[in-house]
Amino acid sequence: MTDDQKREAVVSNDERYDGLFFYGVTSTKIFCRPSCKSKIPLKKNMVYFENLKQAEQAGYHPCKRCRPDLLEYHPIQEIAEKIKLLLDDHYAQQKVLTMKMAQIGVTYRRMIHIFKEYYGVTPKKYYDNLRLAEARKKLINTDDTIIAIAYSVGFQSLSAFYSFFRRNMNSSPSKYRKENNHGIHS
Ligand SMILES: [Zn+2]
């Protein structure tokens, strides 16, 4: 890419170039990813870096707004999708989930922000919805005991499951089961 092409990407906040290069502002010694929404610097004040290391070695600091230091290897969409995949696969295994989330490489607060921006709900809400949907399905379609269902969707105790269920469904798991599976088991 030529400097003119890079400048063009910066001027249009083109996130498809995130991770491909960074730009720095000589007057502030701050560097950004191309999609940063900060004010576009004058052309004569712009410098380009191939990677994070190069920017840091030149004495530049990551912009607080676009956090190029966190995003070099993980464009935003990739992070959001990765979190969703982890929640889908491991929502019932809290320990595994916590461990794998930590490996994503961004802070938990940042994860919440990214996820919400991309999917419109917090990871916690998404996670709760998954657990609730699965629990409801099992209550209606299986003969599993309620405690077995509670454990299978990641609760550590029956009481935690009951209060979660009541909060979301305004009913208890046993009542919900009774009301919804007539005909299947009789
Ligand atoms: Zn920035």
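Please read all numbers here as calculations on a predicted model, not as lab measurements.

## With respect to the domain arrangement of the chain
Thought 1: Examined at the domain level, the chain breaks down into domain 1 (3-68), domain 2 (76-125) and domain 3 (127-180).
Thought 2: On a C-alpha basis, the centres of domain 1 and domain 2 stand 27 Å from each other.

## Notes on the coordination of the zinc ion
Put simply, the ideal angle at a metal is 109.5 degrees for four donors in tetrahedral geometry and 90 or 180 degrees for six donors in octahedral geometry.
Thought 1: Taken together, the protein ligands of the zinc ion are Cys-32 (SG), Cys-36 (SG), Cys-63 (SG) and Cys-66 (SG), with distances of 2.2 to 2.4 Å.
Thought 2: Coordination geometry of the zinc ion: the 4 donor atoms subtend angles of 103 to 120 degrees at the metal centre, consistent with an arrangement described as tetrahedral.
Thought 3: When the donor residues of the zinc ion are listed from N- to C-terminus, their spacing reads C-x3-C-x26-C-x2-C. Each member of the pair, Cys-32 as well as Cys-36, is classed as buried.

## So, the pattern of salt bridges
Thought 1: Inspection of every chain in the model, using the stated rule, returns 9 salt bridges.
Thought 2: In this structure, Glu-179 and Lys-175 form a salt bridge, with 3.8 Å as the shortest nitrogen-oxygen distance. On the criterion of helical spacing, the pair formed by Glu-179 and Lys-175 is a turn pair, its members being 4 residues apart in helix H10 (residues 173-180).
Thought 3: Residue Lys-175 is classed as partly exposed on the basis of its relative accessible area of 46%.
Thought 4: Through salt bridges with shared partners, a single ionic network connects Lys-124, Asp-128 and Arg-131.

## Describing a nonpolar patch on the surface
Thought 1: Where nonpolar side chains cluster on the molecular surface, the patch consists of Ile-147, Tyr-151 and Leu-158 and spans about 260 Å² of accessible area.
Thought 2: Along the chain, the position of Ile-147 falls in helix H8 (residues 146-152).

## A few points about the side chain of Ser-172
Thought 1: Inspection of the secondary structure assignment puts Ser-172 in the loop between helix H9 (158-169) and H10.
Thought 2: What makes Ser-172 buried here is its relative accessible area of 10%.
Thought 3: A distance of 3.2 Å separates a polar side-chain atom of Ser-172 from the backbone nitrogen of Lys-175.
Thought 4: For Ser-172, the residues in contact, after removing those within four places along its chain, are Tyr-162, Phe-165 and Arg-166.

## A short note on the packing of helix H4 (residues 76-90) against helix H7 (residues 123-141)
Thought 1: Where H4 meets H7, the closest approach of the two axes is 10 Å, and the angle between their N-to-C directions is 30 degrees. It follows from the interaxial angle that H4 and H7 lie roughly parallel. Two packed elements cross with a definite hand, and for H4 against H7 that hand is right-handed. Between H4, through Lys-84, Leu-87 and Asp-88, and H7, the contact on the second element is made entirely by Pro-123, Tyr-126, Tyr-127 and Leu-130.
Thought 2: Each residue belonging to the contact of H4 with H7 can be placed in one class, and the counts come to 5 nonpolar, no polar and 2 charged.

Analysis parameters
Residues numbered from 1 in each chain as written. Predicted model: local features only at pLDDT ≥ 70, side-chain atom pairs only at ≥ 80, totals over all residues. Heavy atoms only, no water. Domains from an automatic or database assignment. Donors = N, O, S within 2.8 Å, 3.2 Å for Na, K, Ca; no water. Tetrahedral: all angles 85-135°; square planar, octahedral: opposite > 155°, others 65-115°. Buried < 20%, exposed > 50% of the residue type's maximum accessible area, 1.4 Å probe, protein only. Salt bridge = Lys/Arg side-chain N within 4 Å of Asp/Glu carboxyl O. Helix = DSSP H or I, 4+ residues; strand = E, 2+ residues; numbered from the N terminus. Patch = residues over 30% accessible without salt bridge, like charges linked within 9 Å, V, L, I, M, F, W, Y side chains within 5 Å. Areas by Shrake-Rupley, 256 points an atom, 1.4 Å probe, with all protein chains shown as cover. Polar contact = N/O pair within 3.5 Å; in protein donor to acceptor, adjacent residues only side chain to side chain. Contact = heavy atoms within 4.5 Å. Axes fitted to C-alpha atoms, helices over the stretch in contact; angles between N-to-C directions. Parallel < 35°, antiparallel > 145°, perpendicular 65-115°, else oblique. Left-handed = near helix turned anticlockwise from the far one by under 90°. Nonpolar A, V, L, I, M, F, W, Y, C, P; charged D, E, K, R; others polar.

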